[in-house]
Amino acid sequence: MLNLILASSLVGLKIASISEGSTVAEVGPVLINPENGKFVGLLVSKIFGKNSQIISSRDILSASKEGVVIDSMKEIVNIDEIAGAKELQKNNLLGCKVIINKSFIGKVTDASISFETMSAINIYIRNFFNERIIPVSRIKKYDRKHNIIILEESNSAKVTQVQ
């Protein structure tokens with residue numbers, strides 16, 4: 001069984017460094033690639049007046065609802081140092097519009113992340129009337145120009161309605 005955590009539950013958590021023995025920053029937005037569901041990293045809230053700092057997913061030692069642990073502040077780098085991360089600030093999985101059968105069904109509001117696979121497992125899609133939980137494996141195509149995810153039309157795929 002995969003140990004999952006919601007991306008939204010990470011935002012605002014403290015980031016602790018083992019080397020420094022203290023809290024060194026706070027988690028900002030979570031970056032997930034909409035093309036493949038890969039968890040790229042965590043943006044870091046302003047530290048020492050710097051903007052656009054990130055921790056790569058591979059540098060996270062552990063994460064829970066209590067906080068995120070890294071080895072050292074050296075793992076907090078400029079966003080330009082991680083391939084594709086700057087682009088994901090604009091075109092992140094979270095916030096994508098979602099289409100199935102050429103119909104808009106909502107926007108991605110959250111994602112469950114596995115730290116074992118470093119990827120999103122499910123996406124949470126909300127519109128005015130309801131919320132759905134859909135496996136990332138249903139993503140058929142990503143339209144980067146319009147920041148839209150197109151889902152497979154399979155009726156056999158599991159979709160969970162949330163009340």
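Up top is the structure these notes are about.
Reading the values: rules and limits
- Every chain's residues receive numbers from 1 upward, in the order its sequence appears when written.
- It should be noted that, the model being predicted, local features are given only for residues of pLDDT at least 70 and side-chain atom pairs only at 80 or more, the latter also being counted only at that level, while totals for whole chains, interfaces and linings use all residues.
- Computation of side-chain values covers all heavy atoms of the structure but excludes hydrogens and water.
- A 1.4 Å probe that fits but cannot get out identifies a cavity on a 1 Å grid over protein atoms alone, an open set with protein on both sides within 12 Å along at least five of seven lines counts as a pocket, and a residue lines either if it has an atom within 4 Å of a point.
- Grid points are joined across faces, edges and corners, and a volume is the space filled by probe spheres set on the points.
- What counts as a helix is a DSSP run of H or I of at least four residues, what counts as a strand is a run of E of at least two, and both are numbered from the N terminus.
- Nonpolar residues are Ala, Val, Leu, Ile, Met, Phe, Trp, Tyr, Cys and Pro. Charged residues are Asp, Glu, Lys and Arg, and all others, Gly as well, are polar.
- Strands are treated as partners if at least two bridges between them are detected by DSSP.

Sorry, what's going on with the layout of surface pockets here?
Here the idea is plain: a probe the size of a water molecule rolls over the atoms and shows the empty space left. For the largest pocket, the calculated volume is near 210 Å³. Contributing to the lining of the largest pocket are 18 residues, with Asn-33, Val-40, Ala-83, Gly-84 and Leu-88 lying nearest its centre. Those elements that place two or more of their residues in the lining of the largest pocket are β4 (39–44) and α2 (85–90). Here the lining of the largest pocket gets three residues from one element, more than from any other, and that element is α2. Here the lining of the largest pocket is composed, by residue class, of eight nonpolar, five polar and five charged.

Is there a simple way to explain the pairing of strand β13 (residues 139–143) in this structure?
Two faces belong to every sheet, and in a regular strand the side chains alternate between them. In terms of strand pairing, β13 meets strand β14 (residues 148–151) through four bridges, oriented antiparallel. Across the sheet, residue Ile-139 finds its bridge partner in β14, namely Leu-151. Taking the residues that link successive antiparallel strands as the turn, the β13-β14 hairpin has four residues, and the phi of Asn-147 there is positive, at about 55°.

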